[in-house]
Each structure stands twice: as C-alpha cells, then as structure tokens.
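Take a look at the letters that make up each chain.
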Amino acid sequence: MDILAKLLCDKLAFCELSSSFEQAKDIVSSNKIPIMLCSDIILNEESLKHSWEITSDSIAAFIANKLDSKLLIATNVDGIYDKDPSLTDAKFINEIDVKKLLSFDESSIDLMLPVLLKEYGFDCYVVNGKIPQRVLSIIDEETCDFPYTYINNH
C-alpha cells in the first residue's frame, strides 16, 4: 500500500504523502489532499484485526475516522452491485443503507467496511477509480451524472 501511495502521489500535484495523522491534518490545512503511508500506523493498531476481511477499504475508513473526514472508496467498478458485476443480471445500486449492506456476502468493498461505517457513523461514496474525473467530481461536490454508490448510515 505504501508503494501505491508513493506512485499515486507522484502523479497528483494536489496531493502530499503523510506518515502520521498530525501531518495529514497539516497537509489538509495547506489545501492539499494527504495520501497516507499507513503501514506503520496499521501495524501498531490493535482495533484492526489482521484478516482477509480487512483491505484498504477498511483501512481508509479507520483513517477517515481518525482524521474526522469524509470517506470515498475508489474501486475498479462503478460502485456496488447486488451480485458480481460481471454477471449479466447484476443490478447496480445507486444508494444503499449500511445495515442492508451488512447482509451482503460479497461486493466491491471489503466485508469489514460496513461494520466500520456503522461503528463510526459514516456515510461513504464508492466510485470507479479508473475514471479519475469521477473521483474528483465527488471530492469537489459537483453534480454527478455518472454511476456511483452512496452508502448512507441513517
């Protein structure tokens, strides 16, 4: 994850690497987006169990909670589907309640993310990260006429 963070930061002039929550807050106050080098942070964090149920999605939620920030998950599909999106009868979900998402056995996000969203009281956006303009549009709170999933926690 740290290698990907460094590669991503090299490509995005509006981002800066951060290895601590304090440094990330300083980066935000300078109107840049922090990209966390999180391996040291999560290795020392007891609340995130080491399992295949936790991937970068849950780590992002953990970090967003520590920084009191919004959460956007960029993935390789448009958002969340009711089943594997490669299946012809898969239906795209524009908005879903986190409680309903807890009942899913599989989706484009890891299994622990809905648990953490519920615990932290977060809403979350899931968007196709292969199309950077979609990610930027949500970050900039623009009107979005493309598919993405909004996970609400009401």
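Data block above holds the structure.
These numbers were taken from a predicted model, which means no experiment stands behind them.

Asks: Mind showing me how you'd approach the nonpolar core here?
Replies: General note: in soluble globular proteins, nonpolar side chains tend to be found buried as a group. Membership of the largest hydrophobic core comes to 32 residues, with the highest contact counts inside it found for I63, L71, I80, I109, L117 and I151. Among the elements of the structure, helix 2 (21-29), helix 3 (39-43), helix 4 (56-67), helix 5 (98-101), helix 6 (113-120) and strand 7 (124-128) are those that each provide at least two residues to this core. If one sorts the elements of this core by residue count, helix 4 sits on top with 6 residues. Leave out the neighbours within four places in its chain, and I151 touches I80, I96, V98, L101, I109, L117, D123, C124 and V126.

Asks: Before we go on, may I ask you to explain the pairing of strand 3 (residues 72-75) in this structure?
Replies: For a regular strand, side-chain orientation follows a simple rule: the groups alternate between the two sheet faces. Alternating positions in strand 3 separate cleanly, I73 and T75 being buried on one face and L72 and A74 remaining unburied on the opposite face. As paired elements, strand 3 and strand 7 share 4 bridges and run parallel to each other. If you follow I73 over to strand 7, its bridge partner there is V126.

So, how was this worked out
- Residues numbered from 1 in each chain as written.
- Predicted model: local features only at pLDDT ≥ 70, side-chain atom pairs only at ≥ 80, totals over all residues.
- Heavy atoms only, no water.
- Core = buried A, V, L, I, M, F, W, Y, C linked by side-chain atoms within 4.5 Å.
- Buried < 20%, exposed > 50% of the residue type's maximum accessible area, 1.4 Å probe, protein only.
- Helix = DSSP H or I, 4+ residues; strand = E, 2+ residues; numbered from the N terminus.
- Contact = heavy atoms within 4.5 Å.
- Pairing = 2+ DSSP bridges.

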